[in-house]
Amino acid sequence: MHDQLRSWAEVSLDRIAANFRNIRAVVGPRTAVACVVKSEAYGHGMVAVAKRLVAEGAPWLTVTSTQEGMELRQAGIQDTHVLVMADALRANFASMLDYRLTPAVHDLADLAVFNELALARGGRVRVHLKVDSGMGRLGVAADARAIAEAVRACPNVEIEGLMSHLASSSDFPGTQTGQQVQTFTRVARELAGAGIRPSLRHISASGGVVYGLRDAWLDMVRVGLSLYGYVPSASGPAPASLIDVKPALVWKTRVLSVKELPAGVPVGYGARHITERPARIAVVGAGYADGVFRQLSCRGLVCAAGVWVPMLGAVSMDMCTIDVTDIAGVKQGDEVELLGEGFNADNIAALAGTISYDVLCKIQPRSERIYV
Ligand SMILES: *Cc1c(COP(=O)(O)O)cnc(C)c1O
């Protein structure tokens, strides 16, 4: 199958659906699970993943940009709420409303912009107001009085949601998460005192769910990474993970060529590897332009014929070289796993000095996604 492809990713939508059901069961019926499908669903393919999650009953999808939200609507996802979490560009506000996307508002002055747009359309708009509870990135200052004043001045804007984001939810022990939750709940309480009671308060992503930060679950959680079967790696003595999720993606490439080399000859750019013995190497059809981290040069692993074998030499743009001296019968066209059960996104991240999110998002579109 797919014998003409140099590289591809096999994605199990059943697995993602099972992960979703597991997370939903863990947080319980009072907390909605919003499914984060930004960045091509962390490399799994946004539209296919979103359609499956909608079929599983996902009440909300969340994306980063207006363009991603438009793509979901154009793909026929019409009846599910889509929250645009991080598009602060006013140039996109009208499109958000045209496509019935729910804006996250990051600036009180933008409430007036949405109010005008709503008036011009003769209706009301629902938004989620994002508060900076202490991460220091997007979001309005946590000042309930200023928020209430701005909201009252915009009668055509309904604050359906109040949201924030945790900067350190996987850090133990740490004080930032507790402080952020406290700040957020204080603002929510003060707004309620001023008559503003958003029905969806949400602050937690995967880390807060996995590590059981129940005070942060509130009305909704926004989960990305754990839908795709990974747990954000913790620093320090974290509690055991509450969820039971499994990775849904295996990334594969093919052997382009196999050759025998004598001892003492260089392999690849910069001669970073010199054969120590007569060696058999296989050249495989994926490199850093496909998303193989260059930091894996001379240290990564791939699985060939069921055995995890080392990468030799530098990762090139479109290829890398692997050592198959000790396994017999490897030939052109054979499948090789770049990321799979024995060497997953966490293992790659540890070797490449990054996080599993980065590894998954870097798998390029030219590795076709195949749903299995
Ligand atoms: C990406 C993102 C999430 C999801 O984070 P995970 O750790 O992948 O669950 C949630 N909220 C916001 C605002 C995000 O940008």
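These numbers were taken from a predicted model, which means no experiment stands behind them.

### Observations concerning the pattern of salt bridges
Here comes step 1: Applying the stated criterion to the full structure yields 19 salt bridges.
Here comes step 2: The residue Arg366 makes a salt bridge to Asp290 at a minimum N-O spacing of 2.6 Å. Linking Arg366 in the loop between helix 11 (356-361) and strand 19 (368-371) with Asp290 in the loop between strand 14 (279-284) and strand 15 (301-304), this pair joins segments that are 76 residues apart in sequence.
Here comes step 3: What makes Arg366 partly exposed here is its relative accessible area of 47%.
Here comes step 4: Asp290 gets classed as buried once you look at its relative accessible area, which sits at 2%.
Here comes step 5: The residue Asp318 makes a salt bridge to Arg366 at a minimum N-O spacing of 2.5 Å. One end of the pair, Asp318, is in the loop between strand 16 (307-312) and strand 17 (320-323); the other, Arg366, is in the loop between helix 11 and strand 19, with 48 residues separating them in the sequence.
Here comes step 6: Classification of Asp318 by relative accessible area gives partly exposed; the value is 26%.
Here comes step 7: Within the structure, one salt-bridge network assembled from shared partners comprises Asp14, Arg21, Arg52 and Glu56.

### Here we look at the site of the ligand
Here comes step 1: The environment of the ligand is formed by Val36, Lys38, Tyr42, Met85, His165, Ala205, Ser206, Arg222, Val223, Gly224, Leu225 and Tyr357.
Here comes step 2: At a separation of 3.5 Å, a nitrogen atom of the ligand approaches a polar side-chain atom of His165.
Here comes step 3: Within the side chain of Ser206, one N or O atom sits 2.5 Å away from an oxygen atom of the ligand.
Here comes step 4: Notes on the ligand: free accessible area 390 Å², of which the protein chains cover 90%.
Here comes step 5: Elements that contribute at least two residues to the shell around the ligand include exactly helix 2 (38-43) and strand 10 (220-223).
Here comes step 6: A per-class count over the shell around the ligand returns seven nonpolar, three polar and two charged.

### Quick notes on the domain arrangement of the protein
Here comes step 1: For the protein, the domain assignment lists domain 1 (13-228) and domain 2 (249-371).
Here comes step 2: Domain 1 and domain 2 are separated by 38 Å when their C-alpha centres are compared.
Here comes step 3: Between domain 1 and domain 2, the contact holds eight residues from the first and seven residues from the second.
Here comes step 4: Between domain 1 and domain 2 lies a buried interface of about 780 Å² when both sides are counted; carbon and sulfur atoms form 68% of it.
Here comes step 5: Scanning the region where domain 1 abuts domain 2 turns up zero salt bridges.
Here comes step 6: Where domain 1 meets domain 2, there are two residue pairs in polar contact (both at pLDDT 80 or more).

### Some thoughts on the state of the cysteines
Here comes step 1: Per the stated rule, a full pass over the model turns up zero disulfides.
Here comes step 2: The thiol of Cys35 is unpaired, and the distance to the nearest cysteine sulfur, on Cys361, comes to 16 Å.
Here comes step 3: Exposure remark for Cys35: the relative accessible area of 0% places this residue in the buried category.

Conventions and cut-offs
Residue numbers run consecutively from 1 along every chain, following the written order of its sequence. Only residues with pLDDT of at least 70 are given local features in this predicted model, and only at 80 or more are side-chain atom pairs given and counted; all residues enter the totals for whole chains, interfaces and linings. Excluded from the side-chain calculation are hydrogens and water; included are all heavy atoms of the structure. Each salt bridge in this description consists of a side-chain nitrogen of Lys or Arg and a carboxyl oxygen of Asp or Glu lying within 4 Å of one another. Numbering of helices and strands runs from the N terminus, with a helix taken as a DSSP run of H or I at least four residues long and a strand as a DSSP run of E at least two residues long. Accessible area is worked out with a 1.4 Å probe on protein chains only. A residue is then buried under 20% of its type maximum, exposed over 50%, and partly exposed in between. Proximity is defined per residue: if any heavy atom of the residue lies within 4 Å of a molecule or strand, that residue is considered near it. Any N or O atom pair separated by 3.5 Å or less is treated as a polar contact, with the protein-specific requirement of one donor-capable and one acceptor-capable atom, and with residues adjacent in sequence counted only for side-chain atom pairs. The Shrake-Rupley method, run with a 1.4 Å probe, gives the accessible areas here. Residue values count only the displayed protein chains as cover. Here the term charged refers only to Asp, Glu, Lys and Arg, the term nonpolar to Ala, Val, Leu, Ile, Met, Phe, Trp, Tyr, Cys and Pro, and the term polar to all other amino acids, Gly among them. Note that domain bounds follow an automatic or database assignment of domains. Whether two residues touch is decided by their heavy atoms; if any such pair falls within 4.5 Å, the residues are in contact. As used here, buried area is the combined drop in accessible area, with a 1.4 Å probe, of two parts when they are placed together. Defined by distance alone, a disulfide is two cysteine sulfur atoms within 2.5 Å.

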